[in-house]
Amino acid sequence: MGSSSLSEDYRQCLERELRRGRAGVCGDPSLRAVLWQILVEDFDLHGALQDDALALLTDGLWGRADLAPALRGLARAFELLELAAVHLYLLPWRKEFTTIRTFSGGYVHVLKGALSEDLLIQSFQKMGYVPRDSHHLMVAAPPPACQLLQVALGCFALRLECDILGEVLAQLGTSVLPAEELLQARRGSVDVASCVAWLQQRLALPPRGPPPLFRAQLDLYRGLQEDEGPEEPSLYREPCPGPGSPPSELACRPLPWEQSAKLWGAGAEAWESLAEAAVSQASSPPYTALEEELEPEAFSFLSLHRELLSRPGDLAAPKTPGSPGRASPQHTHGPPPEPPGYQAHSCLAPGALPALSCDTCRQLHAAHCATLHTCRLGHVLRALLGDTQRRLWLRRAQVDTLLYDSPGARP
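Residues numbered from 1 in each chain as written. Predicted model: local features only at pLDDT ≥ 70, side-chain atom pairs only at ≥ 80, totals over all residues. Heavy atoms only, no water.

(A) Up close: the overall build of the protein. Counting its regular elements, the protein contains 16 helices and seven strands. Out of the 411 residues in the protein, the part that is buried amounts to 41%. Intrachain contacts of the protein at a sequence separation of at least 6 include 67% that bridge at least 24 residues. (Helix = DSSP H or I, 4+ residues; strand = E, 2+ residues; numbered from the N terminus. Buried < 20%, exposed > 50% of the residue type's maximum accessible area, 1.4 Å probe, protein only. Contact = heavy atoms within 4.5 Å.)

This is the structure in structure tokens:
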């Protein structure tokens, strides 16, 4: 299976998950198994994917005394990089994904905790990000969708490579060895067993015995080691809750791609306590804003009629007594009413379904409409997921057009 075939399978996986309401990293177990097997047998696939595997792995593992926690940190970093590329690929109109704050918790603790600053900048440049100042990266010109897909697939392969190296260390029975020895053995082997055998011979290690019955004891004077933490680190949680932490029901958070987009510079502050995050969840737009819109708004001619009746100055203007055929003039104060109804933008070909709607200018757009950049500046964009929701909104726009363009529709 070549890299082009892998890219197509990976694309289908992402879009299938998006139809289910989840815009996140690839979690398809069958694709994971296939790519795992290919990588185990051929490390050079990383070269075809252009993921800079050797440079990134060497940078992340160099000088680490214990390689197991370093590999777990690298896997989390590659997952976050994959997530950034997937967001730009699947949701290019979401303006919060176009700016990354280099002082955010995810960037400082997950990314910079595993990789050097220079390699991080290079990785983000492949996605179109450039430094705006010392604290922000911004997308100057969005790269082609195929390039974003390639970057995301490369990060997925790097995550699997960390898992493969972790399996080698687990079978070897030790994770305390030079990083260059591990990478040399990995590049020269065709499966995990041969890699383990090469390292055992190279390092003169005895065959692995049964696992110890007890783990190393903890004491009262040191913090938890990286591999002994009580829970997985999060992009948006403080790393070590103290005695004054909120209850567990407040501390429970969804997966990284379902959380508030603080890495990309949403409205909330970078360091927000868990209690404050729970209280302000209703007022700050979370990642799940996209998922909450999965169910289309209830639409029927009756509800549309009630909506028209609630608007001043349109079809439902009250009639004056004694003049049944003429509507009385409406004297409204304040700003002029919004444009009535929704309209299909000219970017939609006849029969094509819209991908998103702008609730500010009340137009339905295709995913790659050239005028979307104007709507990103302060407008409210709604993603339409699934053919059912898209057909409902297209039908609504068609009904609005008929109602408001028909003779006698305006006062």
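(B) Layout of the sheet that holds strand β7 (residues 381-383). Ordered in space as β4-β6-β5-β7, the four strands form an open sheet in which the pairing is mixed. Here the strands that pair on one side only, and so sit at the sheet edges, are β4 (343-344) and β7. Note that strand β5 (residues 356-358) and strand β6 (residues 363-365) share three bridges and pair antiparallel. What sits directly across from Cys-358, in β6, is Gln-363. (Pairing = 2+ DSSP bridges.)

(C) A look at the side chain of Asp-359. Mapped onto the elements, Asp-359 comes out in the loop between β5 and β6. Judged by its relative accessible area of 18%, Asp-359 falls in the buried class. In terms of polar contacts, Asp-359 uses its side chain to reach the side chain of Ser-357, at 3.5 Å. Those residues in contact with Asp-359 that sit more than four places away from it in its chain are Tyr-342, Val-380 and Arg-382. (Polar contact = N/O pair within 3.5 Å; in protein donor to acceptor, adjacent residues only side chain to side chain.)

(D) Spatial organisation of the pattern of salt bridges. Within this structure, the stated rule accounts for 14 salt bridges. A salt bridge links Asp-163 to Arg-32, with the shortest nitrogen-to-oxygen separation between them at 2.6 Å. A residue pair is termed long-range when its members are at least 10 positions apart, and Asp-163 in helix α8 (residues 145-172) and Arg-32 in helix α2 (residues 29-41) qualify at 131 residues. In this structure Arg-32 comes out as partly exposed when scored by relative accessible area, which is 32%. In this structure, a network of salt bridges that share partners links the residues Glu-8, Arg-11 and Glu-15. (Salt bridge = Lys/Arg side-chain N within 4 Å of Asp/Glu carboxyl O.)

(E) Main features of the packing of aromatic side chains. Under the criterion given, the structure shown has four aromatic pairs. Note on Phe-124 and Tyr-129: the rings are 5.5 Å apart at their centroids and 85° apart in plane angle, and the pair reads as edge-to-face. The two residues Phe-124 and Tyr-129 agree in class, both being buried. Between the aromatic rings of Tyr-342 and Trp-393, the centroid separation amounts to 5.1 Å while the plane-to-plane angle is 80°, which identifies the pairing as edge-to-face. (Phe/Tyr/Trp six-rings, centres within 6.5 Å; stacked < 30°, edge-to-face > 60°.)

(F) Structural detail: the packing of helix α4 (residues 53-61) against helix α9 (residues 179-187). Their axes nearest at 9 Å, the elements α4 and α9 cross at an angle of 150°. Considered as vectors, α4 and α9 are oriented roughly antiparallel to each other. Note on packing geometry: the crossing formed by α4 with α9 is right-handed. In contact with Leu-54, Leu-57, Thr-58 and Leu-61 of α4, α9 contributes Ala-179, Leu-183 and Arg-187. Its residues placed into classes, the contact of α4 with α9 shows five nonpolar, one polar and one charged. (Axes fitted to C-alpha atoms, helices over the stretch in contact; angles between N-to-C directions. Parallel < 35°, antiparallel > 145°, perpendicular 65-115°, else oblique. Left-handed = near helix turned anticlockwise from the far one by under 90°. Nonpolar A, V, L, I, M, F, W, Y, C, P; charged D, E, K, R; others polar.)

(G) Highlighting the sheet that holds strand β2 (residues 129-133). The strand order across the open sheet built from three strands is β1-β3-β2, with neighbouring strands paired in antiparallel fashion. The open sheet terminates on both sides in strands that have one partner only, identified here as β1 (99-101) and β2. Pairs of neighbouring strands in the sheet enclose a mean axial angle of 30°, with direction left out of account. By the bridge criterion, four bridges tie β2 to strand β3 (residues 136-139) in an arrangement that is antiparallel. If you follow Val-130 over to β3, its bridge partner there is Met-138.

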